[in-house]
Amino acid sequence: QVQLVESGGGLVQPGGSLRLSCAASGIIFKLYHMAWYRQAPGKQRELVAGITSGQNTNYADSVKGRFTISRDNAKSTVYLEMNSLKPEDTAVYYCNANNSYLLRAYWGKGTLVTVSS
């Protein structure tokens, strides 16, 4: 059974930092492109950052320079380091694992990040 379990969300003040983690099980982690998405209230889910098995990364323009995605294949875990957080970063953050060759995609249940004073 595939599981993606996010952790690290919470309440933080504007300008603060959080580190999200997503631990994967039931997949050969190194074969999967990993990504973080977010969904704010009343908005569509959007891509925040992605990282390939070869460690290539991409970011949404709104988070470039503030967020960093990384992965540890030995621990089957992907991270999202979030700095200089803004109220507009408030959302539920979801972990995604995708392998387009195998036509497999999996989602975690999400972790809530609230940026507020």
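Scope of this entry: the structure provided in the associated data block.

This next bit is on the side chain of Thr77. Its place among the elements puts Thr77 in strand S8 (residues 77–82). On the basis of relative accessibility, which here comes to 9%, the residue Thr77 falls in the buried class. A polar contact of 2.8 Å, which involves the side chain of Thr77, links it to the backbone oxygen of Lys75. Not counting residues up to four positions away in its chain, the partners in contact with Thr77 are Ser21, Cys22, Ala23, Phe29, Ser70, Arg71 and Asp72.

Applying the stated rule across the entire model yields one disulfide. Residue pairing for Cys22: its cysteine sulfur links by disulfide to Cys95, the two sulfurs lying 2.1 Å apart. Disulfide Cys22 to Cys95: torsion about the S-S bond roughly -80°, handedness left-handed. Separated by 73 residues along the polypeptide, Cys22 in strand S3 (residues 18–25) and Cys95 in strand S9 (residues 91–99) bring together distant segments of the chain. In this pair, the class of Cys22 matches that of Cys95, namely buried.

We now examine the packing of aromatic side chains. Taken as a whole and assessed by the stated rule, the structure comprises two aromatic pairs. Centroid distance Tyr32 to Tyr106: 6.2 Å. Interplanar angle 45°. Geometry classified as tilted. Of this pair, Tyr32 sits in the loop between S3 and strand S4 (33–39) while Tyr106 sits in strand S10 (residues 104–107), and the two are 74 residues apart along the sequence. Residue class for Tyr32 comes out buried when judged on its relative accessible area of 5%. Accessibility expressed as a relative area gives 23% for Tyr106, which makes it partly exposed. Between Tyr37 and Trp107, the aromatic rings sit 4.9 Å apart at their centres with planes inclined by 65°, giving edge-to-face as the arrangement. Of this pair, Tyr37 sits in strand S4 while Trp107 sits in strand S10, and the two are 70 residues apart along the sequence.

Tallied over the entire structure, the rule returns five salt bridges. Across the pair Arg19 and Glu81 runs a salt bridge whose closest N-O atoms are separated by 3.8 Å. In this pair, Arg19 is assigned in strand S3 and Glu81 in strand S8, connecting sequence segments 62 residues apart. Of the charged contacts in the structure, one is a salt bridge between Asp61 and Lys64, with a shortest N-O distance of 3.2 Å. Neither Asp61 nor Lys64 differs from the other in exposure class; each is exposed. In the salt-bridge network here, residues are joined through shared partners; they are Arg38, Glu46, Arg66 and Asp89.

As a further point, take the nonpolar core. Core analysis: the biggest nonpolar cluster contains 29 residues, and Met34, Trp36, Val78, Leu80, Met82 and Tyr93 have the highest contact counts within it. Listing elements by their share of this core, those giving two or more residues are S3, S4, strand S5 (46–51), strand S7 (67–72), S8, S9 and strand S11 (111–115). Contacts of Val78, omitting those with residues within four sequence positions, involve Leu20, Ser21, Cys22, Phe29, Met34, Trp36, Ile51, Ile69, Ser70, Arg71 and Cys95.

Conventions used here
- Residues numbered from 1 in each chain as written.
- Predicted model: local features only at pLDDT ≥ 70, side-chain atom pairs only at ≥ 80, totals over all residues.
- Heavy atoms only, no water.
- Helix = DSSP H or I, 4+ residues; strand = E, 2+ residues; numbered from the N terminus.
- Buried < 20%, exposed > 50% of the residue type's maximum accessible area, 1.4 Å probe, protein only.
- Polar contact = N/O pair within 3.5 Å; in protein donor to acceptor, adjacent residues only side chain to side chain.
- Contact = heavy atoms within 4.5 Å.
- Disulfide = S-S within 2.5 Å.
- Phe/Tyr/Trp six-rings, centres within 6.5 Å; stacked < 30°, edge-to-face > 60°.
- Salt bridge = Lys/Arg side-chain N within 4 Å of Asp/Glu carboxyl O.
- Core = buried A, V, L, I, M, F, W, Y, C linked by side-chain atoms within 4.5 Å.

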